[in-house]
Amino acid sequence: MFSSDADVSKAGAALADLTLPNASFKEALRGLLLTDAEDTLDAPVDFRALSVREFGTIYEGLLESELSLARQNLTINKKGTYLPAGDADPVVIHASEIYLHDRSGARKSSGSFYTPDFAVEHLLDSTLEPALDEHLKKMTGLSDAGRTEQFFDFRVADIAMGSGHFLVAAIDRIERRFALWLEDNPTPGITRELQYLREAAKNELGDLADTVVIEDGLLLRRMIARRCIYGVDLNAIAVQLARLSIWIHTFVPGLPLSLLDHNLVHGNALVGVGSLDEIRKKFDEGAGTLFEADADNLLGQAAEPLQKLAQLSDASVKDIETGRTLMEEARQKTLDTKALCDLITAQPVADDPLLKDYPFEDWEKLKDEVQSSAALKLARKVLSPFSAMHFPIAFPEVFLGRSQGFNVILGNPPWEEAVVNKDKFWARYEPGLSGLSPREQNERIDILCQTRPDLLAELKEETSEANSIRKLLKAGNFPGMGTGDPDLYKAFAWRFWFATSQKIGRIGVVMPRTVLSALGSKEFRKVLFNKGNLINVVTLQNTAKWVFDIAPTYTICLLSLSKSPRPGIALKGPFTNLTSFLKGKDSKTQRFSSDEVLGWNESASLPLFPEPYSTEVFGQLRKARWLSLNEPDSWRARPDRELDATAQKCLMYYSKYCPEGFWKVYKGASFDLWNPDTKKYNSWADPKVVLSWLQSKRLRANIGARDSVHREFSREYVEDETTLSPLKARIAFRDITHRTSSRTVIACLLPPKNFITNTGPVLMFPRGDAKDEAFLLGVLSSIPLDWYARRFVETHVSFFIFNSFPIPRPERSNPLWKRLVKLSGRLACPDVRFADWANAVEVKYGLLECDDKQDKIHEIDAVVAHLYGLSEPQLIHIFETFHAGWDYEPRLNEVLKHFRAWVSKV
């Protein structure tokens, strides 16, 4: 780590003066070239055995690893995280040693995110193979000349390719299908090209030619790699590894390495113009432009050198040199269009009027002088840190071609957020930091900021870069990116959509399941469903980390879709292991229409069904109206945050004991179902200070924030400080949860005189009374509602999911409504703190006997099931599929007793 440019220069000069003796080189070369064999002579490493998996492991190791200097002896815990070593701890890293760790500060392990072969093969089956069917069917109808010209006009891309795993697998699939087709459909032009390559290879091999068999499949694979395969990655090392893995995989003895520089490129696939439509839209914003933003006008001059490049055989080193010349010629002929793309990309994030107000409507006049313009210089300065890449410029032939986009996009894009977490940053360099209390963490970080200015500068640089990326993503062609967390996969989903052919494009990618449920992906899903595309979703529950070395609570999605006129959405999974996946991936499943899906919730989120019968149960629950229903004659509930654990940290006090006069600051873990106090608190706070702050916040929201719940209350109500939510009992629910936990929706009535952070949103009732609160709490605490929630929840009960919960709304005279209010109201009030609320609900308060409490909980499940109109088989199915491995029968039997008893009453 260096704290200044001067330090970097000094270090560079010092390195330039260093020399290494031959003995040191010998050991390094020995380690690279020879195997370590016991009891035998060391043998040479057989590099021919290298596969794409080895390159993937290398790539991940380089991408995820960091080096640090240990300032003290370090040990390691069960999770693999480095910690300061105590006197009795084994020392794994000694003070002053350099050690390798990942970006969370843990011991580096390899292979964490390498996409497993079964996932790659499934996506090739569901995406690439149908696209090949369509392409080869088209070839069958062409003349010999047409086949020769268009046979390799089939383009497959991975725009976050890493070491090229998907691309290598795609080459094999394409080669196999092409070879079989050519056997049945001999095409003289292609046969001549294959023969030419074979003869060139044998001529180069000379006397060795007779010892090598060069089959058509080997030559086809090489031609496919250069003409059909495209890739992009932000990591320059990944690009080199991908080229190397494809070179090795398509190597033909006697022929030079294929020219892959044009097809596999370094760049940021998310920063830049992704399609010609983006350019057209920019011109459409202006009035009176005479420039026609079509492929011929923008890219047409590059067509001739690119056509020559496509016809080049790569049979000799001279061909490779010619290819590079043609690539440069094509680049020169798209310079003006590249300048246009730079201006379009940089304009939304520019502050300077020179760029901010650039007159694109005058492009026809300005383009001849654009290269020397101040606006272009400013645009390139804005984009310089981000490796911007414009797809039409990088791959003109793809957008000039008949398909006008890629036939297929495959891959597994990054899933991380475009943010820098300060605590995680410091944990990378300060072992044990994550294990400290919040107060101790803050104190330690303050010290690090003072003693490590180099790291502080690095943090500022990473934060600045992340902020700029977020700004570019929000300004880019990624609808909805301003909503929710700025996860990169959301932007990639849009890039996949726009970069594939709008006529015949197909997409097959690995994604977190949140792409089908998160609010930030809502606009993407609506486009998919409204366009009437064929969508196949296979979900994988990462139980025991059988898919990726990430949290087992994650659900992974294998998403296949085509821009096909045959609409429908098929859902399979979740599969919890490889055996269940292989058994169920090809099974028949119900297909839903777009209209059905769009009617389930406001965010177009897709549910997760454990079994086919689950769709019937889901449909019955879905008959109830949304929780967010806003009708004058019914109660109205909306979730709201009291305090933000980060933004309002300055209002909180962290210590072991609560200062006198302070109130507890709850978090999600501070309560449980029917338990308002687990004794786990976030912090403490002065009620005078925090209540004053909360009052100011809601007064502003009452007249300002258009979507705030506080606008639904009268001004008289919000001006009355005694109506502040922490002064009374109110319902809260845990925001952080998991679909695979023993319970997902965890709601509870909190006592008055405490605060709660954003991990436990509270419910505000613009309309309704305490009995309505008790009724809603009972429904939220039931197994039927929780079963429904588990169809959508991944790691958070987000507001948009919560608001779409189906909640029965019977008349208050309904005996089921009355009974649920009594049951829920009584369970919610375990002590005198709830006396006022209990009085309003007309129930007693105080602890219940254990058996009585459990019986009331069981009856709530039964009453809520009747309120939803569930049949007994449907209720049984809910219990059977609620949680894998749980012993549900004892509880189900008790619930069924109450359920059957209520049959005659309703």
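Everything that follows concerns the structure shown earlier in this document.
Residues numbered from 1 in each chain as written. Predicted model: local features only at pLDDT ≥ 70, side-chain atom pairs only at ≥ 80, totals over all residues. Heavy atoms only, no water.

Asks: Tell me what's going on with the overall build of the protein chain, and back it up with residues and numbers.
Replies: Looking only at helices and strands, one finds 37 helices and 22 strands in the protein chain. Here the C-alpha atoms of the protein chain give a radius of gyration of 32 Å, agreeing with the 29 Å that 2.2 N^0.38 yields for 906 residues. With the C-alpha coordinates aligned to their principal axes, the bounding extent of the protein chain is approximately 100 × 75 × 65 Å. A total of 906 residues make up the protein chain; the buried ones form 53% of that total. A separation of at least 24 residues holds for 73% of the contacts in the protein chain among residues at least 6 apart in sequence. Put simply, the protein chain shows about 41,700 Å² of open surface, and 52% of that area lies on carbon and sulfur atoms. Here the protein chain carries 112 positive and 122 negative side-chain charges, and the mean point of each set is 5 Å from the other. (Helix = DSSP H or I, 4+ residues; strand = E, 2+ residues; numbered from the N terminus. Rg over C-alpha atoms; globule rule 2.2 N^0.38 Å. Buried < 20%, exposed > 50% of the residue type's maximum accessible area, 1.4 Å probe, protein only. Contact = heavy atoms within 4.5 Å. Areas by Shrake-Rupley, 256 points an atom, 1.4 Å probe, with all protein chains shown as cover. Lys, Arg positive; Asp, Glu negative; His and termini not counted. Charge placed at Lys NZ, Arg CZ, Asp CG, Glu CD.)

Asks: Explain the sheet that holds strand 20 (residues 755-756) to me, using residue names and the numbers behind them.
Replies: With mixed pairing, the three strands of this open sheet are ordered in space as 17-16-20. Of all strands in the sheet, those with a lone pairing partner are strand 17 (683-685) and strand 20, marking the two edges. With two bridges joining them, strand 16 (residues 663-666) and strand 20 adopt parallel strand pairing. Bridge pairing in strand 20 links Val 665 to Phe 755. (Pairing = 2+ DSSP bridges.)

Asks: Got a sec to walk through the packing of helix 30 (residues 770-780) against helix 33 (residues 815-827)? Specific residues and values, please.
Replies: Interhelical geometry of helix 30 versus helix 33 gives an angle of 85 degrees and a closest axis separation of 8 Å. Taken together, helix 30 and helix 33 sit at an angle that is classed as roughly perpendicular. When helix 30 is examined against helix 33, the residues Lys 771, Asp 772, Ala 774, Phe 775, Leu 777, Gly 778 and Val 779 are found in contact with a partner set consisting of Trp 817, Leu 820, Val 821, Ser 824 and Gly 825. Classifying every residue of the contact of helix 30 with helix 33 by side-chain character gives seven nonpolar, three polar and two charged. (Axes fitted to C-alpha atoms, helices over the stretch in contact; angles between N-to-C directions. Parallel < 35°, antiparallel > 145°, perpendicular 65-115°, else oblique. Nonpolar A, V, L, I, M, F, W, Y, C, P; charged D, E, K, R; others polar.)

Asks: Describe the pairing of strand 18 (residues 730-733), naming the residues involved and giving the relevant values.
Replies: Residues Arg 730 and Ala 732 point to one face of strand 18 and Ile 731 and Phe 733 to the other, with burial holding for every one of them. Here strand 18 pairs with strand 19 (residues 747-750) via four bridges, running antiparallel. Residue Phe 733 lies in a different strand from strand 19, and its bridge partner there is Ala 747.

Asks: Quick rundown of the environment of Leu 218? Include the residues and the values.
Replies: Position of Leu 218 among the secondary structure elements: in helix 8 (residues 216-227). Separated by 460 residues in sequence, Leu 218 and Thr 678 place their C-alpha atoms 66 Å apart. Discounting chain neighbours no more than four positions away, the residues touching Leu 218 are Phe 251, Val 252 and Pro 253.

Asks: Before we move on, can you summarise a nonpolar patch on the surface with the specific residues and values?
Replies: The grouping of Leu 20, Phe 25, Leu 29 and Leu 33 at the surface amounts to a nonpolar patch, some 410 Å² of accessible area in total. Here Leu 29 is to be found in helix 2 (residues 22-33). (Patch = residues over 30% accessible without salt bridge, like charges linked within 9 Å, V, L, I, M, F, W, Y side chains within 5 Å. Salt bridge = Lys/Arg side-chain N within 4 Å of Asp/Glu carboxyl O.)

Asks: With reference to specific residues and values, describe the sheet that holds strand 11 (residues 555-562).
Replies: On the basis of which strands lie adjacent, the open sheet formed by nine strands has the order 7-6-5-8-9-11-10-12-13 and mixed pairing. With one partner strand each, in any of the chains shown, strand 7 (264-266) and strand 13 (591-592) form the two edges of the open sheet. Across three bridges, strand 5 (residues 156-158) lies against strand 6 (residues 229-233) in parallel orientation. The residue bridging Asp 158 from the neighbouring strand is Gly 231, located in strand 6. Its contacts with the sheet place helix 9 (residues 236-249) against strand 6 and strand 7, and it is angled at close to 165 degrees to strand 7.

Asks: Help me get a handle on unusual backbone geometry, residues and values and all.
Replies: A cis geometry characterises the amide bond from Gly 573 onward to Pro 574, with omega recorded as 10 degrees. Positive phi outside glycine occurs at Ala 544, with the angle close to 55 degrees. Mapping Ala 544 onto the fold places it in the loop between strand 10 (534-541) and strand 11. The backbone of Trp 674 sits at a positive phi, close to 60 degrees, despite the residue not being glycine. Following the sequence through the fold, Trp 674 ends up in the loop between strand 16 and strand 17. Residue Trp 674 is classed as buried on the basis of its relative accessible area of 8%.

Asks: Tell me about the packing of helix 27 (residues 614-621) against helix 36 (residues 872-880), and please be specific about residues and values.
Replies: Remark: helix 27 packs on helix 36, axes separated minimally by 10 Å, with the N-to-C direction vectors making an angle of 110 degrees. It follows from the interaxial angle that helix 27 and helix 36 lie roughly perpendicular. When you trace helix 27 past helix 36, the crossing you get is left-handed. On helix 36, the residues that touch Ser 614, Glu 616, Val 617 and Gln 620 of helix 27 are Gln 874, His 877 and Ile 878. When the residues that make up the contact of helix 27 with helix 36 are grouped by side-chain class, the tally is two nonpolar, four polar and one charged. (Left-handed = near helix turned anticlockwise from the far one by under 90°.)

Asks: Break down helix 24 (residues 522-530) for me, with residues and values.
Replies: Turning to helix 24, its buried residues are Phe 524, Arg 525, Leu 528 and Phe 529. In an axial view of helix 24, the angular spread of the buried residues amounts to 125 degrees, which keeps them on one side of the axis. In the core, the buried residues of helix 24 are packed alongside helix 23 (488-499), strand 10, strand 11, strand 12 (568-575) and helix 26 (594-598). (Arc of directions from axis to C-beta.)

Asks: Outline the state of the cysteines, listing residues and values.
Replies: Counted under the stated rule, the structure contains zero disulfides. Looking at Cys 650, it has no disulfide partner, and the nearest cysteine sulfur is the one in Cys 449, 17 Å off. The closest cysteine sulfur to the non-disulfide-bonded Cys 850 is located on Cys 748, 17 Å from its own sulfur. For Cys 850, a relative accessible area of 56% translates into the label exposed. (Disulfide = S-S within 2.5 Å.)

Asks: Describe in detail the nonpolar core, supporting the description with residues and values.
Replies: Ranked by size, the top nonpolar core spans 227 residues in total, and within it Phe 178, Ile 229, Leu 343, Leu 540, Phe 805 and Ile 807 carry the most contacts. Once residues lying within four places of it in the same chain are set aside, the contact partners of Ile 807 are Ala 624, Arg 625, Leu 627, Trp 635, Phe 775, Leu 776, Val 779, Leu 785 and Tyr 868. Met 652, Trp 663, Val 690 and Leu 691 belong to the second largest nonpolar core, which has twelve residues in total. (Core = buried A, V, L, I, M, F, W, Y, C linked by side-chain atoms within 4.5 Å.)

Asks: Please set out the environment of Val 797 residue by residue, giving values where relevant.
Replies: Looking at the secondary structure, you find Val 797 in the loop between helix 31 (783-789) and helix 32 (799-803). Separated by 64 residues in the primary sequence, Val 797 and Phe 733 place their C-alpha atoms 8.5 Å from one another.

Asks: Break down the environment of Leu 578 for me, citing the residues and quoting the values.
Replies: Looking at the element boundaries, Leu 578 is found in helix 25 (residues 578-584). Spatially, the C-alpha atom of Leu 578 lies 56 Å from that of Gly 661, the residues being 83 residues apart in sequence.

Asks: Could you give an account of the side chain of Glu 794, naming the residues involved and the relevant values?
Replies: Topologically, Glu 794 is positioned in the loop between helix 31 and helix 32. The exposure class assigned to Glu 794 is buried, which follows from its relative accessible area of 4%. Within the local environment of Glu 794, its side chain forms a polar contact with the side chain of Arg 513, the two groups lying 3.0 Å apart. A polar atom in the side chain of Glu 794 sits 2.6 Å from the side chain of Thr 555. (Polar contact = N/O pair within 3.5 Å; in protein donor to acceptor, adjacent residues only side chain to side chain.)

Asks: I'd love a proper account of the pattern of salt bridges, names of residues and values included.
Replies: Taken as a whole and judged by the stated rule, the model has 43 salt bridges. For Arg 641, the salt bridge identified is with Asp 644, shortest N-O distance 3.1 Å. For Arg 641, a relative accessible area of 41% puts it in the partly exposed group. Residue Asp 644 is classed as buried on the basis of its relative accessible area of 18%. The shortest N-O distance in the salt bridge between Asp 677 and Lys 664 comes to 3.3 Å. One end of the pair, Asp 677, is in the loop between strand 16 and strand 17; the other, Lys 664, is in strand 16, and 13 residues separate them in sequence. Judged by its relative accessible area of 11%, Asp 677 falls in the buried class.

Asks: I'd like a description of helix 28 (residues 687-703), backed by residues and values.
Replies: Helix length check: helix 28 (17 residues) gives 25 Å between terminal C-alpha atoms against 24 Å at 1.5 Å per residue, within 8%. Where helix 28 is concerned, the buried positions are Pro 687, Val 690, Leu 691, Leu 694, Gln 695, Arg 698, Ala 701 and Asn 702. The buried residues of helix 28 all sit within an arc of 140 degrees when viewed along its axis, so they share a single face. Turned more than 90 degrees from where helix 28 packs its buried face, Lys 688, Arg 700 and Ile 703 sit exposed. Next to the buried residues of helix 28 lie strand 16, strand 17, helix 29 (715-719) and strand 20. If you check the start of helix 28, you find a side-chain oxygen 3.0 Å away from the backbone N of Lys 688, and it comes from Asp 686. (Expected span 1.5 Å × (residues − 1).)

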